[in-house]
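What the coordinates show
Here is how the chains run, residue by residue.
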Amino acid sequence: MTEWQVVNSIPPLSDHTCQVWLLKTTDMQPWHVRMLNDEERKRAQSFRKDQDRARFIVGCALSRLVLATQLNIAPHQVPIDRTCPICHEAHGRPRLPYGFLQWSVSHSGNIILVAFTTDAPVGVDVEWMNTAWDFDVVKMADGILTEKEIAHILQMPANDRMRGFFIYWTRKEAVLKATGEGLNIPPLNVVVSGPQQAPRLLAFTGRPDGTDDVALHDLDLGFNYVAALSIFSKTQKRIEQYDASVLMQQGFGWKDYYISQKFKHLLMKILSSISRTRGTEA
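So, here is what we can say about the structure in this document.

**A few points about the overall build of the protein**
In terms of helices and strands, the protein carries seven helices and ten strands. Looking at the 282 residues of the protein, the share that counts as buried comes to 45%. Of all intrachain contacts in the protein linking residues separated by at least 6 positions in sequence, the fraction that spans at least 24 positions is 63%. For the protein, the accessible area works out to roughly 15,100 Å², and carbon and sulfur atoms hold 51% of it.

Shown next as structure tokens:
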């Protein structure tokens, strides 16, 4: 299994690198919510399941911590825009108004991945494989895999077919997420190399610029997860993989700030309440 490096500071992001950060839902801390903007807090509260809420919060918090370091501002000041270009609601692909710094978030099970580049469109996808599923590759592949890809999966040993499907799926989804359009583009439009081959984009229907500038990478997360990364860039980028557990626990200087801000907010509410009470008594 590939090592995910634990760091004591957020490394600078260069034009020649792509950072991928690994988180878990158990990394969530109460002070993370203090970094979110009002729209993000509202969306977090809209999730009915605690796990879905945790995945969203830690994904937002990690994004803000890393972007804040690159922009040299506080995490809560990072001007993340999630406006959907179709319905104009705040659930679209996250982006910055300046047009630089690209990132992609994916989560499944208790794992969250966030990938960053300075300028190249990037997409990351992770999928959890529940081995208790009654897996039917033909049903699962409908509208996702081509007939040739399905035939390839069916030639694999039965115990390998679920992983084979998700290797195809994550590679395709990583490419689609890098475009910013996601599943608005049919996965059948994307043809990728098979599970036993090096990751590569072979064809992309409707994309005249071709496939030469698209780099695909598999990410190793262990037996029950499959993940892939896609970068649209004319120059090759070095992939840096980081374990975010220490960052999410310690905040690298921001934890104490947001905890103190919480107590400062509570103190201001108490003082305001006392002031109103005294005014009434007078």
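Having put the structure on the table, let's press on.
**Some points on the packing of aromatic side chains**
Evaluation of the coordinates by the stated rule reveals nine aromatic pairs. An angle of 40° between the planes, with centres 4.9 Å apart, marks the rings of Trp21 and Tyr242 as tilted. Taken together, the residues Trp21 in strand S2 (residues 17-24) and Tyr242 in strand S10 (residues 238-243) connect sequence positions 221 residues apart. Pair check on accessibility: Trp21 and Tyr242 agree, each one buried. Note on Trp254 and Tyr257: the rings are 5.5 Å apart at their centroids and 85° apart in plane angle, and the pair reads as edge-to-face. Among the aromatic residues, those joined into a cluster by ring pairs are Trp128, Trp133, Phe135, Phe165 and Phe166.

**Examining the sheet that holds strand S3 (residues 102-108)**
Strand order in the open sheet formed by five strands is S1-S10-S2-S4-S3, and the pairing between neighbours is mixed. Edge strands, defined here as strands with exactly one partner in the open sheet, are strand S1 (5-6) and S3. The pairing of S3 with strand S4 (residues 111-117) spans seven bridges and is classified as antiparallel. In the strand pairing of S4, Ser104 is matched with Ala115. Contacting S2, S3 and S4, helix H2 (residues 50-71) runs over the sheet at an angle of about 25° to S4.

**Brief notes about the layout of surface pockets**
Of the pockets and cavities examined, the second largest pocket occupies roughly 230 Å³. It is helix H5 (residues 161-179) that provides the largest number of residues to the lining of the second largest pocket, a total of three residues. Each residue belonging to the lining of the second largest pocket can be placed in one class, and the counts come to seven nonpolar, two polar and four charged.

**Some remarks on unusual backbone geometry**
The backbone of Asn72 sits at a positive phi, close to 60°, despite the residue not being glycine. Looking at where Asn72 falls in the secondary structure, it is placed in the loop between H2 and S3. At Phe252, a residue that is not glycine, the phi angle is positive and equals roughly 50°. Within the secondary structure layout, Phe252 lies in the loop between helix H6 (245-250) and helix H7 (255-281).

Reading the values: the criteria
- Residues numbered from 1 in each chain as written.
- Predicted model: local features only at pLDDT ≥ 70, side-chain atom pairs only at ≥ 80, totals over all residues.
- Heavy atoms only, no water.
- Helix = DSSP H or I, 4+ residues; strand = E, 2+ residues; numbered from the N terminus.
- Buried < 20%, exposed > 50% of the residue type's maximum accessible area, 1.4 Å probe, protein only.
- Contact = heavy atoms within 4.5 Å.
- Areas by Shrake-Rupley, 256 points an atom, 1.4 Å probe, with all protein chains shown as cover.
- Phe/Tyr/Trp six-rings, centres within 6.5 Å; stacked < 30°, edge-to-face > 60°.
- Pairing = 2+ DSSP bridges.
- Axes fitted to C-alpha atoms, helices over the stretch in contact; angles between N-to-C directions.
- 1 Å grid on protein atoms, 1.4 Å probe; cavity = no way out; pocket = protein on both sides within 12 Å on 5 of 7 lines; lining within 4 Å.
- Points joined across faces, edges and corners; volume = space filled by probe spheres on them.
- Nonpolar A, V, L, I, M, F, W, Y, C, P; charged D, E, K, R; others polar.

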